[in-house]
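# A structural walkthrough
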Amino acid sequence: FNDQPEGRYQLQFMDITGKIIGTKQVTINNKMQVVEYQLPKMTAAGNYLMKVVNEADNSAVINKLVVQ
């Protein structure tokens, strides 16, 4: 959450097609906060996406993840 504004966020773990596999609600209190996200059990190796949605204004950032 480097340089993200304070507030409530929804983390959306998705497969490469955009299908949501898991979600988590988080509250960010400072610009350097770290949040741990536990991958769902039985997550196969491959490419995934992590979408971070700011609940205040619905803005989003998407990052690519590689699970080995």
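Here, residues in each chain are numbered from 1, in the same order as that chain's written sequence. In keeping with the predicted nature of the model, local features appear solely for residues at pLDDT of at least 70, side-chain atom pairs appear and are counted solely at 80 or more, and the whole-chain, interface and lining totals rest on all residues. The basis for the side-chain values is all heavy atoms of the structure; hydrogens and waters are excluded.

Right, let's get into the side chain of D15. By secondary structure assignment, the location of D15 is in strand β1 (residues 7-15). Burial status follows relative accessibility: with a 1.4 Å probe on protein chains alone, a residue under 20% of its type maximum counts as buried, one over 50% as exposed, and anything between as partly exposed. Only four residue types enter the charge count: Lys and Arg as positive, Asp and Glu as negative, with His and the chain ends excluded. When a carboxyl oxygen of Asp or Glu lies within 4 Å of a side-chain nitrogen of Lys or Arg, that pair is called a salt bridge. Buried D15, no salt bridge; nearest opposite-charge side chain is K19, N-O distance 5.5 Å. Here T17 takes part through its side chain, which lies 2.6 Å from a polar atom of the side chain of D15. Contact partners of D15, with chain neighbours within four places excluded, come to I21, Y48 and L49. Comment: elements are numbered from the N terminus, with helices defined as DSSP H or I runs of at least four residues and strands as E runs of at least two. The definition of a polar contact used here is a pair of N or O atoms within 3.5 Å, where within protein one atom must be able to donate a hydrogen and the other to accept one, and adjacent residues in sequence count solely through side-chain atom pairs. Any two residues whose heavy atoms approach within 4.5 Å are treated as being in contact.

Turning our eyes to something else, we now look at the pattern of salt bridges. Counted according to the given criterion, the structure contains 1 salt bridge. Between R8 and E55 there is a salt bridge; the shortest N-O distance is 3.4 Å. Taken together, the residues span a long stretch of sequence, with R8 in strand β1 and E55 in the loop between β3 (46-54) and β4 (60-67) at a distance of 47 residues. In this structure R8 comes out as partly exposed when scored by relative accessible area, which is 42%.

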